[in-house]
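# Report on the structure
Residue strings, one per chain:
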Amino acid sequence: MDNKAIAKLFKLCSQLMELYDENPFRVKGIASASFKLEKLPSAIANMTFEELSAQPGIGKSTAEKVQQIMLTGTFPELTELLEKTPIGIQEMMKIKGLGPKKIKIIWQDLDIESVGELYYACNENRLKDAKGFGYKTQEDIKKAIEFATASEGWFLYARALPSANALLEFLTKQLPAGTQISFAGDFRRKVEVLQQIELIADVSRDALENALVQLKYEMELEETKNSISFKDENNFSFQVYPSEPHSFGTDLLFRTGSEAHIEQLQKIQNPIPNFPTEKECYAYLGLDYIEPELREGFDELVLAKEHKLPELIHFDDLKGSLHNHSTYSDGVHSLSEMANYCKNELKLQYFGICDHSKTAVYANGLSSERVQQQWAKIDQLNQQLTPFKILKGIESDILSDGSLDYPDELLSQFDFVVASVHSNLKMDEEKATARLIKAIENPYTTILGHPTGRLLLSRAGYPIDYKKVIDACAENNVVIEINANPLRLDMDWRWHRYAVSKGVLFSINPDAHRTEGLWDMHFGIEVARKGGLTKENCLNAMSLSEIEAYLKK
């Protein structure tokens with residue numbers, strides 16, 4: 001180990017000691033040792049115990065710890081601290097701008113134990129009011145987490161989208177006019193988490209390389225794969241393939257479809273001839289054109305052969321936005337600002353407010369009295385905004401026993417209720433499923449919110465029996481949410497087809513805590529399309545009059 005690596009272990013030890021409120025003089029001593037070890041002019045690995053302990057500010061105690069590190073990779077005091085610290089808290093130590101004092105507040109006061117939960121809390125605006133934080137600190141932490149996540153090799157589709165579009169625009173300008181260029185791979189199929197972004201263009205490899213070097217990024221040419229790979233300044237991985245005009249369609253088809261989709265195509269005919277467009281490829285195989293999002297190897301080929309592919313939902317099909325938050329609970333923007341943005345910028349017909357219920361103390365959940373105050377404000381705003389309408393909703397916590405927040409008398413007065421789990425996420429599958437089903441069977445539950453509570457790349461959802469939960473929704477006329485926040489995208493698109501077969505409706509909800517969060521419905525649409533949903537399968541594709549009639553019924 002070099003000096004820097006050894007010093008980092010001492011620094012980590014000092015941070016953990018501070019986290020646990022150990023003697024400040026000892027904390028300072030370990031931190032000082034970290035600084036001095038890193039600045040030593042000679043390699044520690046080449047020093048004897050005597051030489052190291054004789055260095056200014058080091059001493060025998062520090063030298064003994066270093067000796068233990070050289071033998072075992074750690075030292076007893078650090079090991080003891082790490083053993084009692086959750087892995088997620090250890091990961092937080094690596095985030096720039098987060099020191100032990102702030103992590104202690106995040107962990108003990110906000111009950112957050114992972115980087116993913118912390119990132120979501122930043123999106124929900126939960127950090128800004130915590131002691132020692134504020135809006136700017138919250139945003140800085142969010143950016144630091146985004147950078148750290150990208151460096152781990154996996155990234156969210158939503159986060160990569162701006163970089164991907166920027167490269168496509170750049171190549172379109174750099175390559176000759178008329179060049180066919182397209183995204184491919186997982187990115188084109190709108191898979192929610194990615195390792196790389198793929199593109200293909202009908203030009204030579206040399207032409208691609210000449211265009212890409214203008215980016216001045218660090219590149220790695222991969223001759224064996226006939227592609228050019230590189231990372232952009234945001235650390236996203238790209239792979240670009242050359243093609244030719246006469247085979248572009250076939251090449252794009254093979255570069256886009258999942259392995260299972262391609263295998264199914266090849267069972268019809270192998271090899272598949274070269275065609276300039278994908279539509280010609282599918283037509284040659286006796287199939288209707290299959291949208292990229294559906295090319296996952298499920299039943300899309302059967303549907304394409306029988307001319308039964310669904311007419312997938314589009315963003316323009318949405319008529320309203322449900323499940324949103326305001327400053328009444330933990331939102332950034334006021335109820336008026338959220339509703340006006342929905343009306344004037346998104347051109348929608350209605351806005352559903354779903355601030356947190358009273359049990360969500362961490363999110364400034366609404367007491368019964370504050371619910372009444374919000375309703376009075378909604379009535380006032382609705383007079384001003386007509387014919388646009390704010391619908392009176394609530395995100396009611398599903399409690400540990402499956403019951404909902406608030407008494408039935410109050411629940412019955414909301415226009416709709418989104419029932420969601422926010423606590424006690426470590427139940428086994430049987431208990432978690434029973435909990436959800438009890439909430440679904442509550443006569444006041446309209447929508448089951450983010451059914452598994454997952455946070456992509458950060459927290460696996462709690463285990464549930466999907467079929468039992470979906471069947472319960474079908475039996476009780478409960479809508480299932482597609483939470484469009486790109487960190488959630490829950491319920492997972494792989495279960496949409498089963499739900500549709502049972503007659504269950506979905507609601508594409510942004511779970512927006514600020515005006516710009518309303519645009520997250522775009523990501524919900526993409527997930528819905530992957531699940532094969534049409535506008536007829538979507539609650540908030542109903543007009544205002546239709547949804548009002550539905551909710552009354």
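Before any of the text, the structure's been laid out above.
Numbering of residues starts from 1 in each chain and follows the order in which that chain's sequence is written. Thresholds applied to this predicted model are a pLDDT of at least 70 for local features of residues and 80 or more for the giving and counting of side-chain atom pairs; totals over whole chains, interfaces and linings are not thresholded and use all residues. Neither water nor hydrogens contribute to the side-chain values; these are computed over all heavy atoms in the structure.

### Some points on the side chain of Thr 74
Let me state the cut-off plainly: Secondary structure elements are defined from DSSP: runs of H or I of at least 4 residues count as helices, runs of E of at least 2 residues count as strands, and each element is numbered from the N terminus. Residues are treated as being in contact if the distance between any of their heavy atoms lies within 4.5 Å.
With respect to the element layout, Thr 74 can be found in the loop between α4 (59-72) and α5 (76-83). Setting aside chain neighbours within four positions, we find Thr 74 in contact with Gln 68, Ile 69 and Thr 79.

### Points about the sheet that holds strand β14 (residues 506-509)
Put simply, the rule reads: The rule for pairing is simple: two strands pair if DSSP sees at least two bridges between them.
Read across the sheet, 7 strands follow the order β8-β9-β10-β11-β12-β13-β14 without closing on themselves; strand pairing throughout is parallel. Sheet topology places β8 (320-324) and β14 at the edges, where each strand pairs with a single neighbour. Relative to strand β10 (residues 389-397), strand β9 (residues 350-353) runs parallel, the two sharing 4 bridges. Bridged to Phe 351 within β10 is Ile 390.

### Side note on the pattern of salt bridges
Operational definition: Salt bridge, as applied in this entry: a Lys or Arg side-chain nitrogen positioned within 4 Å of an Asp or Glu carboxyl oxygen. Relative accessibility thresholds used throughout: buried, under 20% of the residue-type maximum; exposed, over 50%; partly exposed, between the two (1.4 Å probe, protein chains only).
Tallied over the entire structure, the rule returns 24 salt bridges. Residues Asp 21 and Lys 104 are paired through a salt bridge, measuring 2.1 Å at the closest nitrogen-oxygen approach. On the criterion of sequence distance, the pair formed by Asp 21 in the loop between α1 (3-19) and α2 (24-39) and Lys 104 in helix α7 (residues 100-109) is long-range, its members being 83 residues apart. On the accessibility criterion, Lys 104 (21% relative accessible area) is partly exposed. A salt bridge links Glu 192 to Arg 494, with the nearest nitrogen and oxygen atoms 3.0 Å apart.

### What to know about α7
For an α-helix the count is 3.6 residues per turn, leaving residues at separations of three or four pointing the same way. Residues of α7 that are buried include every one of Pro 100, Ile 103, Ile 105, Ile 106 and Trp 107, and no others. Here the buried face of α7 lies against α1, α6 (87-92) and α8 (115-123). Looking one or two residues beyond α7, the residue adopting positive phi is Asp 111, at roughly 60°.

### As for the nonpolar core
Our working rule: Only buried Ala, Val, Leu, Ile, Met, Phe, Trp, Tyr and Cys residues count toward a nonpolar core, and they belong to the same one when joined by side-chain atoms within 4.5 Å.
Ranked by size, the top nonpolar core spans 141 residues in total, and within it Leu 37, Leu 118, Ile 197, Phe 351, Ile 390 and Ile 508 carry the most contacts. Take this core: its biggest share by element is 8 residues, from α1. Beyond its immediate stretch of four places on either side in the chain, Leu 37 contacts Asn 3, Ile 6, Ala 7, Phe 10, Ile 44, Leu 52, Ile 58, Thr 62 and Val 66. Grouped together as the second largest cluster of nonpolar side chains are 14 residues, Leu 253, Leu 265, Phe 275 and Tyr 282 included.

### Quick notes on the packing of aromatic side chains
To keep things clear, this is the line we draw: Here a pair means two rings of Phe, Tyr or Trp (six-membered ring of Trp) with centres within 6.5 Å. Their orientation is stacked below 30 degrees between planes, edge-to-face above 60, and tilted elsewhere. Each ring is checked for a lysine NZ or an arginine CZ that lies within 6 Å of its centre and within 35 degrees of its normal; such an atom marks a charge sitting over the ring.
On inspection of all chains with the given rule, the structure shows 14 aromatic pairs. Judged by centre distance (5.4 Å) and plane angle (10°), the ring pair of Phe 230 and Phe 238 falls under stacked. Measuring from ring centre to ring centre gives 6.1 Å for Phe 315 and Trp 519, while their planes differ by 15°; the resulting arrangement is stacked. Within this pair, whereas Phe 315 is found in the loop between α16 (300-305) and β8, its partner Trp 519 is found in the loop between β14 and α23 (521-530), the two being separated by 204 residues in sequence. A residue is classified by how much of its surface remains accessible, and Trp 519, at 33% relative accessible area, is partly exposed. In this structure an aromatic cluster arises from ring pairing among Tyr 157, Phe 183 and Phe 187. Taking NZ or CZ as reference, Lys 84 lies 4.2 Å from the ring centre of Tyr 20, over its face.

### Some details on the pairing of β9
Side-chain positions along a regular strand alternate between the two faces of the sheet. Put simply, the rule reads: With the strands pointing away from the viewer, any crossover whose connection runs clockwise from the first strand over the helix to the second is right-handed.
With burial as the criterion, each face of β9 is covered, one bearing Tyr 350 and Gly 352 and the other bearing Phe 351 and Ile 353. Inspection of the sheet shows β8 paired to β9 by 3 bridges, in the parallel sense. The residue bridging Asn 324 from the neighbouring strand is Ile 353, located in β9. For the crossover that starts at β8, traverses helix α17 (residues 335-344) and ends in the parallel β9, the hand is right-handed.

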